[in-house]
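Coordinates in review
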Amino acid sequence: MAPTTRTCVSPFLDPGPRTKANSLAIVQLSRDNLLPVYLQVPNGEHDGYAEGAVVNTRYGSFPHSTMLDVPWGSQIRASKVDTGSRGRKRKREADDQACREATAVSEKDEEPSAAGADRDGAAAVKQAVADSSGFVHILPPTPELWTTSLPHRTQVVYTPDYSYILHRIRARPGSTLIEAGAGSGSFTHAAVRAVYNGYPAEGQRKGKVFSFEFHEQRYQKMKKELSDHGLEGLVQLTHRDVYSGGFLVDGKSPEADAVFLDLPAPWEALPHLSRRRPQDMADTDGAAAGNGQQSWVSPLNPRKSVYICTFSPCIEQVTRTVSAMRRLGWVDIDMVEIANRKLHASRDRVGLNLNFDRGVNNSPRDVEEALARLAEIEARSREQAAKPRDADADEDMDLADEVGAPAKGNEARNGEHAPSTEETSTATAPWMEGRLITRGEPEIKSHTSYLVFAVLPMEWTEQDEAAAAAKYPVGKEQKVIGAIDKAARKQERRELLQKQQGGASRKARRKERDEKLGEISG
Ligand SMILES: C[S@@+](CC[C@H](N)C(=O)[O-])C[C@H]1O[C@@H](n2cnc3c(N)ncnc32)[C@H](O)[C@@H]1O
């Protein structure tokens, strides 16, 4: 049963401002190279490292102690770690083993040696010393980062697909969502964030994901991950073959508002997602789900229309799914394929007047700039030719040509075009230099899957019709501002005028009567 009180919210839902011990963090090595790490409090030597647990990357070694209690997004510098002790530890263990075998001394008779205690139980942790080998960034876990870094057990649903799917199936805070199969949990993490509106207390209904997976090992791994990520109580994972077992949990309906099926044969699971028992469903199927002919329980929310998405890699699966949907009463069926394309935005820095920085193309920006530079060179050559010849300068020129360095005569030119520090500070900031350009990927990454969407309307009974008619009687609709047509407006004005006229004549009649009364009494 879901916990009633929680001291710690999942880092996926509220990571807080800083990194925490025993919690998931994402170490970003480079833009698309991410590493999930469960940060540990250093507690003595760990795996041979005197600094405690260490993350080793090609940018250097990063003891967990340097990544703990820092603001998310921090840059973490690599540390010099005592990697030598790892080898020593292994050697030590081997030596110890050999020693134990060689000496027939009973361990019971021996006092534990102080040296041994020092050696193995070094509770003190060595302070990490910064190294210049590199740095990483430490990021809070999000479903997007998890999708990029998670240990793949299956094909996963990627961010462009699941963001669109969750929007189309109307997953929002408080929704109940059914998902099958769970696979590597990529979609699950995005889904739980979409429906989260708090951890449910006993008997309370809050946004929740009911997830199903029939592969034993994947189920076990996912169960552990959900617990490590603080998502128990928000995701209920069931080990089941949904084709035969359906979607009830402990014989009860999840009352789902939305469904996502990432299965090889969604049409086999669809009959279980009906409001009533489908006629062609074998008795055995129903029995397996605790859904007998008489006691059919639908896993869907009876008070709402239910939105579904199925994810299939090939069109044959789509056609079978669509046929089953039509047969089972789903409407508004349509299919979408997400053709995601990454756009890389950068500044195109081309020109002769730019710094000789990395990424700068020091060639003329346009024809005008090229002509101006040619004119400048020609003028300088003419100047040079007019001057009396200087043997030293000629020598310099020849030498410069050989080594490719600027000759004396060219110093002015380079000086002129490479702006001084002062000039640079007043000029455009380097990151704003050049034209902003976007480049698409040379080719769109291959197709992932076809998404089939559909809606199963809420059941509408005679009683519902009568209740709606009583609540909204025909002919007594309230006027809506802005919805009055020309004729109705004319009629309204006419009525108002008549009222005013009626009021005026009533006033006149009252005056006449008062006058008559006055005459009589007078
Ligand atoms: C492609 S993976 C799902 C990936 C997942 N959506 C994700 O984003 O990580 C499909 C999963 O469905 C599971 N599966 C296949 N048939 C199933 C069934 N009849 N009942 C439950 N799970 C099933 C498979 O074991 C597999 O893990």
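Before going into details, it helps to say that this report is about the structure given with it. (Residues numbered from 1 in each chain as written. Predicted model: local features only at pLDDT ≥ 70, side-chain atom pairs only at ≥ 80, totals over all residues. Heavy atoms only, no water.)

**Section: the pattern of salt bridges**
What counts, and what does not: Every case where a carboxyl oxygen of Asp or Glu lies within 4 Å of a side-chain nitrogen of Lys or Arg is listed as a salt bridge. Note on classification: 1.4 Å probe, protein chains only; a residue is buried when its accessible area is under 20% of the maximum for its type, exposed when over 50%, partly exposed between these limits. Secondary structure elements are defined from DSSP: runs of H or I of at least 4 residues count as helices, runs of E of at least 2 residues count as strands, and each element is numbered from the N terminus.
If you walk through the whole model with that rule in mind, you get 15 salt bridges. Notably, a salt bridge pairs R31 with D32, separated by 3.7 Å at the nearest N-O pair. According to the relative accessible area criterion, R31 is exposed, its value standing at 55%. Residues E376 and R373 are paired through a salt bridge, measuring 3.6 Å at the closest nitrogen-oxygen approach. You can see E376 and its partner R373 sitting in helix α11 (residues 367–386), 3 residues apart, about one turn around the helix. With relative accessibility at 14%, the residue R373 sits in the buried group. Salt bridges here are not isolated pairs; linked through shared partners, they connect R205, E255, D257 and R303.

**Observations concerning the side chain of K208**
Convention followed: Only four residue types enter the tally: Lys and Arg on the positive side, Asp and Glu on the negative side; His and the chain ends are excluded. Any two residues having at least one pair of non-hydrogen atoms within 4.5 Å are treated as being in contact.
Following the sequence through the fold, K208 ends up in strand β8 (residues 208–213). It is D250 that comes nearest to the buried, bridge-free K208 among opposite-charge side chains, at 8.7 Å. Those residues in contact with K208 that sit more than four places away from it in its chain are S175, T176, L177, V195, G233, L234 and Q236.

**Description of a nonpolar patch on the surface**
Going by this rule: Patch definition: residues with relative accessible area over 30% and no salt bridge; like charges joined within 9 Å; nonpolar side chains (Val, Leu, Ile, Met, Phe, Trp, Tyr) joined within 5 Å. Using the Shrake-Rupley algorithm and a 1.4 Å probe, accessible areas are obtained, with residue cover drawn only from the displayed protein chains.
Taken together, the side chains of V367, L371 and L374 present a nonpolar region at the surface, about 310 Å² in accessible area. Relative to the elements of secondary structure, L371 occurs in helix α11. Overall, L371 belongs to the exposed group, its relative accessible area being 53%.

**Focus on unusual backbone geometry**
A cis geometry characterises the amide bond from A180 onward to G181, with omega recorded as -15°. Along the chain, the position of G181 falls in the loop between β7 (176–180) and α5 (186–195). In the Ramachandran plot, D69 falls in the positive-phi region, its phi being about 55° despite a non-glycine side chain. As for its placement among the helices and strands, D69 is situated in the loop between β4 (60–63) and β5 (75–80).

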